[in-house]
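# Coordinate inspection notes
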Amino acid sequence: MVYGEGASYAVDRNSPIPAYQQIASSVTHRICDGEWLIGEKMPSEFELATMYGVSRVTLRQAMAQLEQEGIIEKYQGKGIFVRSNPRHFVQNLEFPTVDFQNHRPTLDFRILGVVSCKAPSRNVARFLSVEENAELTYLQRVFLHENKPIGLNNVWFRAEDVPGIGSEPFVDGSLSKTMLYRYHKNIVTIENDIECVRLDAHSAELLETAYDSLALKINSQYLLEDRFPVQYSSTLWLADFTQFHYTAHK
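Residues numbered from 1 in each chain as written. Predicted model: local features only at pLDDT ≥ 70, side-chain atom pairs only at ≥ 80, totals over all residues. Heavy atoms only, no water.

Right, let's get into helix H1 (residues 19–32). Taking 1.5 Å of rise per residue, 14 residues should cover 20 Å, and H1 covers 20 Å from first to last C-alpha, within 8% of that figure. Every buried residue of H1 is accounted for by Gln22, Ile23, Ala24, Ser26, Val27, Thr28, Arg30, Ile31 and Cys32. Lining the buried residues of H1 we find helix H2 (45–52), helix H3 (56–68), strand E1 (72–75) and strand E2 (79–82). Looking one or two places after H1, you find Gly34, whose phi comes out positive at around 85°. (Helix = DSSP H or I, 4+ residues; strand = E, 2+ residues; numbered from the N terminus. Expected span 1.5 Å × (residues − 1). Buried < 20%, exposed > 50% of the residue type's maximum accessible area, 1.4 Å probe, protein only. Contact = heavy atoms within 4.5 Å.)

With respect to the element layout, Arg30 can be found in helix H1. The buried category is assigned to Arg30, whose relative accessible area is 4%. In sequence terms Arg30 and Asn85 are 55 residues apart; their C-alpha atoms lie 9.7 Å from each other. In this structure Arg30 touches Tyr9, Glu35, Trp36, Met51 and Tyr52, once residues within four positions along its chain are discounted.

Here the focus is H3. Between its first and last C-alpha, H3 extends 18 Å over 13 residues, near the 18 Å set by a 1.5 Å rise per residue. For H3, the full list of buried residues reads Thr58, Leu59, Ala62, Met63, Gln65 and Leu66. The buried residues of H3 occupy an angular sector of 155° when the element is viewed end-on, so they sit on one face. The outward face of H3, more than 90 degrees from its buried face, is lined by the exposed residues Val57 and Gln68. At its buried positions, H3 is contacted by H1, H2, E1 and E2. Following H3 by one or two positions, Gly70 has its phi on the positive side, about 80°. (Arc of directions from axis to C-beta.)

The next point concerns the confidence of the model for the protein. Residue-level pLDDT values for the protein average 86, and 88% of them are 70 or greater. Taken together, the stretch residues 1–7 has pLDDT below 50 and engages in 16 contacts with residues farther than four places along the chain or on a different chain. (pLDDT = per-residue confidence, 0-100.)

Printed below as a string of structure tokens:
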């Protein structure tokens, strides 16, 4: 689909993405771009089905998904109305950085669990410089904006480095400050890798979004002054609701 003035909204019949999901994504983009405002009545199901070249059944599948996501609302006998603009959840999210002394968290989070485990993959073991059977502590939390999940954070530590982590609130709500002030781990370097991925079923459920949705994945290795790794994290950010801001200094 092509968005913007003079755009064609016919679905791509050769795409592996179901037609109703293509329509839901297109309508979301159009609301984000301000084509329909919050509280404004949208075209009828018949008009939208004609616009996208699909049956009323397919169109209703797309509208049901958007209604479930809280983007639109249907009223019997009145029509379809815009309930929210997903772009209200967009904010600048900096890459993990060691410059946290004056930083206040801009996002709420909820810890989903803290458990003991073995390294789940060779990569995690390699980034923490441990054997694959080493005892680790795994912490999982979800980041929230206006009470809506937009990021899923998975973190691994050596078990002996962070005894009791998660059993009491983080220092100033910051994991980095907790590592410094509670566990005396002075992180001076964070190596970040970013890629675009599609969510698996479990991650999508935790983020309350559709399976196979796009996400930005940031893998971060946290290093002490001697480049000894003390923490490894992998964070999934919903691609529809986040943008990254980076300032380069000379």
